[in-house]
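Notes for the structure review
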Amino acid sequence: MAHHDTDLAIIGAGPAGLFAAYYAGFRGLRVAVVDSLPELGGQVTAMYPEKLIFDVAGFPQIKGRDLVANLVAQAAPSAPVTSKTETKPEAKPVDLSKADEKLSSLLGGKK
Ligand SMILES: Cc1cc2nc3c(=O)[nH]c(=O)nc-3n(C[C@H](O)[C@H](O)[C@H](O)COP(=O)(O)OP(=O)(O)OC[C@H]3O[C@@H](n4cnc5c(N)ncnc54)[C@H](O)[C@@H]3O)c2cc1C
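All figures in this text were calculated on a predicted structure; none of them were measured in a lab.

1. Quick look at the site of the ligand
Around the ligand, the structure places 18 residues, and the nearest of them are Ala16, Asp35, Gln43, Tyr48 and Lys51. Ala16 places a polar main-chain atom, nitrogen or oxygen, 2.8 Å from an oxygen atom of the ligand. Lys51 places a polar side-chain atom, nitrogen or oxygen, 2.8 Å from an oxygen atom of the ligand. Considering the ligand on its own, with 1000 Å² of exposed area, one finds that the protein chains cover 59% of that surface. Among the secondary structure elements, those contributing two or more residues to the shell around the ligand are helix H1 (15–26) and helix H2 (42–47). Considering every element that reaches the shell around the ligand, the biggest residue donor is H2, with 3 residues. Across the shell around the ligand, the residue classes break down as 9 nonpolar, 6 polar and 3 charged.

So, in structure tokens, the structure goes:
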């Protein structure tokens with residue numbers, strides 16, 4: 001398991017994680033971005049790198065892979081350490097009764 005000395009670990013290198021890496025670096029934090037996939041870009045890279053996207057502010061249209069390249073370039077000054085997780089995330093069934101209990105305790109007994 002890789003060890004990185006950082007202030008913030010961001011799980012997921014999709015568009016949200018990449019922009020979070022930029023912004024955290026902009027605010028002076030050392031960032032590590034971790035993903036279980038080998039490439040950056042989340043769903044965009046994995047599912048539709050060649051598709052044109054029409055709903056990104058400031059771009060009338062942009063190809064998926066170009067959007068990811070821009071996000072990576074934007075995050076680069078923050079010098080995030082990127083790392084691939086060594087195990088895949090497990091999908092576990094959620095016990096909603098326990099989730100409710102936990103939520104209730106977080107809310108100080110209120111539901
Ligand atoms: C075919 C298709 C077309 C789309 N077209 C559009 C469009 O035109 N316009 C639009 O606005 N949206 C579109 N979307 C939706 C858009 O891609 C998503 O809203 C966007 O990717 C979400 O970004 P994200 O960073 O939140 O998550 P994701 O892109 O899902 O990235 C999350 C990343 O986190 C990683 N991850 C998750 N859990 C873990 C873990 N436990 N450990 C390690 N890594 C983890 C995943 O591997 C993934 O790389 C489309 C989606 C698909 C599938």
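2. What about the packing of H1 against helix H3 (residues 64–75)?
Packing of H1 against H3 leaves a shortest axis separation of 8 Å and a crossing angle of 25°. Classed by the angle they form, the pair H1 and H3 counts as roughly parallel. In this structure, H1 crosses over H3, and the sense of that crossing is left-handed. Here Pro15, Leu18, Phe19, Ala21 and Tyr22 of H1 come into contact with H3, specifically with Val68, Leu71, Val72, Gln74 and Ala75. Class assignment of the residues belonging to the contact of H1 with H3 gives a composition of 9 nonpolar, 1 polar and no charged.

3. Quick look at a nonpolar patch on the surface
Taken together, the side chains of Phe19, Tyr23 and Phe26 define a hydrophobic patch exposed on the protein surface, amounting to about 310 Å² of accessible area. Topologically, Tyr23 is positioned in helix H1. On the basis of relative accessible area, Tyr23 is assigned to the partly exposed category, the value being 35%.

About the thresholds
- Residues numbered from 1 in each chain as written.
- Predicted model: local features only at pLDDT ≥ 70, side-chain atom pairs only at ≥ 80, totals over all residues.
- Heavy atoms only, no water.
- Near = heavy atom within 4 Å.
- Polar contact = N/O pair within 3.5 Å; in protein donor to acceptor, adjacent residues only side chain to side chain.
- Areas by Shrake-Rupley, 256 points an atom, 1.4 Å probe, with all protein chains shown as cover.
- Helix = DSSP H or I, 4+ residues; strand = E, 2+ residues; numbered from the N terminus.
- Nonpolar A, V, L, I, M, F, W, Y, C, P; charged D, E, K, R; others polar.
- Axes fitted to C-alpha atoms, helices over the stretch in contact; angles between N-to-C directions.
- Parallel < 35°, antiparallel > 145°, perpendicular 65-115°, else oblique.
- Left-handed = near helix turned anticlockwise from the far one by under 90°.
- Contact = heavy atoms within 4.5 Å.
- Patch = residues over 30% accessible without salt bridge, like charges linked within 9 Å, V, L, I, M, F, W, Y side chains within 5 Å.
- Salt bridge = Lys/Arg side-chain N within 4 Å of Asp/Glu carboxyl O.
- Buried < 20%, exposed > 50% of the residue type's maximum accessible area, 1.4 Å probe, protein only.

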